[in-house]
Amino acid sequence: MPPSDEWRCAVAAVPPGHTATFRLDCGGRTVSGFVVNHDARYRAYVNRCPHRGTPLDLWPNELLAEDGRALVCSTHGALFEPDTGFCTAGPCAGDRLTPLPLVVDGDTLAVSCPQRPPPSAR
Ligand code: FES
């Protein structure tokens, strides 16, 4: 299915400690993103490391560190807080992931394009 400007999935499809990846069509540009469920709080980010601009997951949907407490970039190991996208360690420490608007609508998650497509669109 081609990407649209909104991605929806069932809340149950992303249980605590899990992530899900998706693509959005934001004004003709494809934006890769992901949702993370950290302690029953959902966040969505552009799947682009602020260090070199690569996707965080070299292996699809492998986004969380083994202990599940941080998002990790598999290229050089940067760690990010799941709730804020803030980079706490690694070559981009102090930077952050680009958030995407996310709404929990009953038992459905809905993620939409940012106001302006990020430069990370690919
Ligand atoms: S590309 Fe992510 S830490 Fe270098």
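Scope of this entry: the structure provided in the associated data block. (Residues numbered from 1 in each chain as written. Predicted model: local features only at pLDDT ≥ 70, side-chain atom pairs only at ≥ 80, totals over all residues. Heavy atoms only, no water.)

This part takes up the state of the cysteines. According to the stated counting rule, one finds one disulfide in the structure shown. In this model, Cys26 is linked to Cys113 through a disulfide, with the two sulfur atoms separated by 2.1 Å. What sets the handedness of the Cys26 and Cys113 disulfide is the S-S torsion sign, and at about -95° it is left-handed. One end of the pair, Cys26, is in strand E2 (residues 18-26); the other, Cys113, is in the segment after strand E9 (108-112), with 87 residues separating them in the sequence. For the pair shown, Cys26 and Cys113 are each scored as buried. Cys87 forms no disulfide, and the closest cysteine sulfur to it belongs to Cys92, at a distance of 3.3 Å. A residue is classified by how much of its surface remains accessible, and Cys92, at 6% relative accessible area, is buried. (Disulfide = S-S within 2.5 Å. Helix = DSSP H or I, 4+ residues; strand = E, 2+ residues; numbered from the N terminus. Buried < 20%, exposed > 50% of the residue type's maximum accessible area, 1.4 Å probe, protein only.)

A complete count under the given rule lists two aromatic pairs for this structure. Look at Trp7 and Phe22: their rings are 4.5 Å apart centre to centre, the planes differ by 20°, and that puts the pair in the stacked class. A residue pair is termed long-range when its members are at least 10 positions apart, and Trp7 in strand E1 (residues 6-10) and Phe22 in strand E2 qualify at 15 residues. Like Trp7, the residue Phe22 is buried in the burial classification. With a centroid separation of 5.8 Å and an interplanar angle of 45°, the aromatic rings of Phe34 and Tyr45 are classed as tilted. Placement of the pair is Phe34 in strand E3 (residues 29-38) and Tyr45 in strand E4 (residues 41-46), with a sequence separation of 11 residues. (Phe/Tyr/Trp six-rings, centres within 6.5 Å; stacked < 30°, edge-to-face > 60°.)

By the criterion of burial, E3 is predominantly enclosed, with eight of the 10 residues buried. Two successive antiparallel strands, E2 and E3, enclose a turn made up of two residues, where Gly27 displays a positive phi of approximately 60°. Strand direction decides the pairing type here: E3 and E4, joined by six bridges, are antiparallel. Each residue of the ladder has a partner; that of Val36, found in E4, is Arg43. Following E3, the chain reverses through two residues before pairing antiparallel with E4; Asp39 in that reversal takes a positive phi of roughly 55°. (Pairing = 2+ DSSP bridges.)

Okay, the pattern of salt bridges next. What the rule picks out here adds up to three salt bridges. A salt bridge links Arg8 to Glu6, with the shortest nitrogen-to-oxygen separation between them at 3.2 Å. With relative accessibility at 44%, the residue Arg8 sits in the partly exposed group. Put simply, Glu6, Arg8 and Asp105 are held in one network by salt bridges that share partners. (Salt bridge = Lys/Arg side-chain N within 4 Å of Asp/Glu carboxyl O.)

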